[in-house]
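Close look at the chain arrangement
For reference, the chains in residue letters:
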Amino acid sequence: MKILIINGPNLNMLGIREPKHYGKETYADLLDKIQKHADSIGITVEFRQSNHEGDLVDYIHSAYQSFDGIVINPGAYTHTSIAILDAVKAVAVPTVEVHISDVNSREDFRKISYIRAACVLTISGHGTNGYLEAIDYLAQGDNQ
Ligand code: DQA
């Protein structure tokens, strides 16, 4: 099973940006943690990150017929992007939305997620473990 892990804007700044919300692990730490977990359960993962909305749309399109699942943290585009919602709908690849912080207990604008409607699951507020839970969820679906 092959899963594409997509991170949106400012997630390359993990470890530096607002540690109160996002913790002290860096983006490199996050990738390492996900890779180790994927290896331990025999899943292939590839990583993409961009601060640009169109790049995220292109990454989602690239999953069409090439990946069995997508794990995406669209960052702030979660709350604004219909283009990212449409991209997930277009490829119809099972997609899990992940947020490191608990978006529902922060500002009101963070409670809106456009992409959620196209996702099989949303995980929010579990820190970076949320990415591992998302992989486990997709892996489980593959076994059923
Ligand atoms: C985030 C939450 C978003 O509201 C924010 O804009 C981010 C990160 C999270 O992982 O908690 O960039 O998606």
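Read on for a plain summary of the structure. (Residues numbered from 1 in each chain as written. Predicted model: local features only at pLDDT ≥ 70, side-chain atom pairs only at ≥ 80, totals over all residues. Heavy atoms only, no water.)

**Comments concerning the overall build of the chain**
What counts, and what does not: Strands are runs of DSSP state E lasting at least 2 residues, helices are runs of H or I lasting at least 4, and numbering of each runs from the N terminus. Only C-alpha atoms enter the radius of gyration; for comparison, a globular chain is expected to reach 2.2 Å times N to the power 0.38, where N is the number of residues. Throughout, exposure labels follow a simple rule: accessible area from a 1.4 Å probe, protein chains only, divided by the maximum for the residue type, with under 20% read as buried, over 50% as exposed, and the rest as partly exposed. In this description, contact between two residues means that some pair of their heavy atoms is separated by no more than 4.5 Å. Surface accessibility follows the Shrake-Rupley procedure with a 1.4 Å probe radius. Residue values consider only the protein chains on display as shielding. None of His or the chain ends enter the tally, which takes Lys and Arg as positive and Asp and Glu as negative. Lys charges are placed at NZ, Arg charges at CZ, Asp charges at CG and Glu charges at CD.
Looking only at helices and strands, one finds 5 helices and 5 strands in the chain. Reading the chain from its N terminus to its C terminus gives the helix and strand order β-α-α-β-α-β-α-β-β-α. By the compact-globule yardstick of 15 Å for 144 residues, the chain fits well, its C-alpha radius of gyration being 14 Å. The buried share of the chain, taken over its 144 residues, is 44%. Within the chain, contacts between residues separated by at least 24 positions form 76% of all contacts whose residues are at least 6 apart in sequence. Put simply, the chain shows about 6,900 Å² of open surface, and 50% of that area lies on carbon and sulfur atoms. Put simply, the chain has 12 plus and 18 minus side-chain charges, and the middle of one group is 6 Å from the middle of the other.

**Quick look at the sheet that holds strand β2 (residues 44–49)**
Two orientations exist for strands paired in a sheet by backbone hydrogen bonds: parallel and antiparallel. To be explicit about the condition: When DSSP finds two or more bridges between a pair of strands, those strands are recorded as paired. Axes here mean lines fitted to C-alpha atoms, for a helix over just the part in contact, with angles spanning 0 to 180 degrees between N-to-C directions.
Here 5 strands make up an open sheet; going across it, the order is β2-β1-β3-β4-β5 and the pairing parallel. Two strands close off the open sheet at either side, each with one partner strand: β2 and β5 (121–124). Ignoring which end each strand starts from, the neighbouring axes of this sheet average 20 degrees apart. Pairing analysis gives 5 bridges linking strand β1 (residues 2–7) to strand β3 (residues 69–73), with the strands arranged parallel.

**So, the nonpolar core**
The condition that has to hold: Among the buried residues, those of types Ala, Val, Leu, Ile, Met, Phe, Trp, Tyr and Cys that are joined through side-chain atoms within 4.5 Å form a nonpolar core.
If you look at the biggest cluster of nonpolar residues, it comprises 22 residues, and the most contacted ones within it are Ile3, Ile5, Ile34, Val45, Val71, Tyr131 and Ile135. Sorting the residues of this core by element identifies β1, α2 (27–40), β4 (95–99) and α5 (129–143) as the ones contributing at least two each. In terms of nonpolar packing, the next biggest core, distinct from the first, is built from 17 residues, Val57, Ile60, Ala87 and Val91 among them.

**Quick look at the side chain of asparagine 73**
Basically, it comes down to this: Any pair of nitrogen or oxygen atoms within 3.5 Å is treated as a polar contact; in protein, a donor-acceptor pairing is required on top of that, and neighbouring residues in sequence qualify only through side-chain atoms on both sides.
Tracing the chain through its elements places asparagine 73 in strand β3. You can call asparagine 73 buried: its relative accessible area is 4%. In this structure the side chain of asparagine 73 is engaged in a polar contact, spanning 3.5 Å, whose partner is the backbone oxygen of valine 98. Contacts of asparagine 73, omitting those with residues within four sequence positions, involve Ile6, Asn7, Gly8, Leu11, Val98, His99, Ile100 and Tyr131.

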